[in-house]
Amino acid sequence: MILDAIVVGLGAMGSAAIYQLSKQTPYVLGIDQFRPPHTLGSTHGETRITRQAIGEGVYFVPLALRSYQIWRELEQRTGEQLLTITGGLFIGKEQSDVQTRHKPGWLRTTIDAAKTYGIAHRILDTAILRQEFPQIRTGPDDIGYYEEEAGFLNPERCLSVQLDQAIRNGASIRTNERMVSYEWKDGVLTVRTDHTTYQTRKLILTTGSWISESLRDTPFADLLRVYRQVLYWFDIQDNYQHYTPDRMPVFILNDREVYGFPAVGGPAGGLKLATEVYAQPTSPQSVNREVSEAETHAMYERFVAPNFVGIGPGCVKSAVCLYTMTPNGDFIIDQHPANPHVLLASACSGHGFKHSAAVGQILAELALQEQTMFDIQAFRLASFDR
Ligand SMILES: Cc1cc2nc3c(=O)[nH]c(=O)nc-3n(C[C@H](O)[C@H](O)[C@H](O)COP(=O)(O)OP(=O)(O)OC[C@H]3O[C@@H](n4cnc5c(N)ncnc54)[C@H](O)[C@@H]3O)c2cc1C
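Quantities reported herein were computed from a predicted structural model and do not represent experimental measurements.

> Describe the pairing of strand 2 (residues 28-31), with residues and values.
Burial along strand 2 is two-sided: Val-28 and Gly-30 facing one way and Leu-29 and Ile-31 facing the other are all buried. Across four bridges, strand 1 (residues 2-8) lies against strand 2 in parallel orientation. Bridge pairing in strand 2 links Val-8 to Ile-31. Crossover handedness for the path strand 1 to helix 1 (residues 12-22) to strand 2: right-handed. Bridge count for strand 2 against strand 9 (residues 172-174) is three bridges, and the pairing is parallel.

Here is the structure:
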């Protein structure tokens, strides 16, 4: 049998793609080398920030807005809570030149995007920030952008719900099965795994930090870099009530390079915080998945103690996760340079989860209709100088 499409890699992007494909045809197959959700790629850690005014580029806003609709549609269909609205507080200097996920002027672009798309927000000066959010230490030149509809998604649940829905729609899912190669002959793609072979008209590669393997022998072989990132849950020593979701929104302290979430795991669950590190590229095969006491201590001294009131140095837990970065922090959503019947999506660059539901729709449209209603010009491989 020749399938309509195969999706290889069932993380955030692949689970969204197989769900969207399955709404159009049951002759689709999803394959993953592990059993998602798992902790070896980029889609774990209980929470992901979502927001609508996208500081990484105004052109991301339609993806974020469409994803909000899809999360709500999935919640209605399944009764699962995927999206929790807490509001989002993004603090920084309006004229800052700090690069955020390889993007300059992140807070300025966020405010521009909110104005362009009429996204509900308030701009808070330092006095109001201190009054409304005494748990965050603010600097004299800080302003706050507060977005009403920002919040967090549960990545593991979003992924599982989409795979479940795809199966209900008739899609097949194979886990603990690894794609080793594919070849194109006489109008059909043969996909070889470590178990068997399949035939398909279209192949979608959403292999996250492993995707460079599929760009070998192309001019884009060294386009992407994988970086180790660490998520920490630090002890809430005092003023727990300041950190619960009714008092604490999701937050990004842009110039101080730290972001986090309200305390959703109770008083003993800790406050989830992270920074972003681009010092040393790594790979999913060689990355150090242990978090040392020394790096936890350094994180606390540099990013936690100076910025938050009542948070102690004890670390409840931590997790290592992978960013796959393009040079400019945008995504790749395109045909493979060597075969137009193979599509690939590298939609990480540290900010992809919130857009993943819409990326799945785009991939399904490209695979089955060969066109999409979304403007993906910025995400074409040709936009990267090679
Ligand atoms: C620490 C951290 C914090 C983040 N915070 C946010 C945030 O707050 N908001 C936000 O919007 N985004 C955030 N992101 C980004 C977001 O999580 C990623 O964009 C997203 O998870 C990427 O998903 P993916 O599907 O591309 O990769 P993955 O989830 O890693 O999926 C790739 C899958 O491909 C499979 N695979 C690879 N090769 C093969 C093969 N040959 N055969 C079969 N299967 C294969 C892997 O097993 C894996 O399951 C964060 C990311 C990290 C790491």
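> Tell me what's going on with the site of the ligand, and back it up with residues and numbers.
Taken together, 35 residues form the shell around the ligand, and within it Asp-32, His-38, Thr-43, Arg-48 and Cys-321 come nearest. One nitrogen or oxygen atom from the main chain of Gln-33 is found 3.0 Å from a nitrogen atom belonging to the ligand. The separation between an oxygen atom of the ligand and a polar main-chain atom of Phe-353 is 3.1 Å. Here the ligand has 1000 Å² of accessible area as a free molecule, and 98% of this is covered by the chains. Looking at the shell around the ligand, the elements that each hand over two or more residues are helix 1, strand 3 (48-50), strand 13 (225-236) and strand 18 (311-325). It is strand 18 that contributes the most residues to the shell around the ligand, three residues altogether. In terms of residue class, the shell around the ligand is made up of 16 nonpolar, 14 polar and five charged. Viewed by domain, the shell around the ligand spans two of them, domain 1 (2-44 + 155-224 + 328-383) and domain 2 (48-153 + 225-325), each represented by three or more residues.

> Break down the layout of surface pockets for me, citing the residues and quoting the values.
If you add up the space inside the second largest pocket, you get close to 280 Å³. Surrounding the second largest pocket, 16 residues form its lining, Arg-228, Val-230, Tyr-232, Val-277 and Glu-295 being those nearest its centre. Counted by class, the lining of the second largest pocket contains nine nonpolar, four polar and three charged residues.

The rules behind the values
Residues numbered from 1 in each chain as written. Predicted model: local features only at pLDDT ≥ 70, side-chain atom pairs only at ≥ 80, totals over all residues. Heavy atoms only, no water. Buried < 20%, exposed > 50% of the residue type's maximum accessible area, 1.4 Å probe, protein only. Helix = DSSP H or I, 4+ residues; strand = E, 2+ residues; numbered from the N terminus. Pairing = 2+ DSSP bridges. Right-handed = clockwise from strand over helix to strand, strands pointing away. Near = heavy atom within 4 Å. Polar contact = N/O pair within 3.5 Å; in protein donor to acceptor, adjacent residues only side chain to side chain. Areas by Shrake-Rupley, 256 points an atom, 1.4 Å probe, with all protein chains shown as cover. Nonpolar A, V, L, I, M, F, W, Y, C, P; charged D, E, K, R; others polar. Domains from an automatic or database assignment. 1 Å grid on protein atoms, 1.4 Å probe; cavity = no way out; pocket = protein on both sides within 12 Å on 5 of 7 lines; lining within 4 Å. Points joined across faces, edges and corners; volume = space filled by probe spheres on them.

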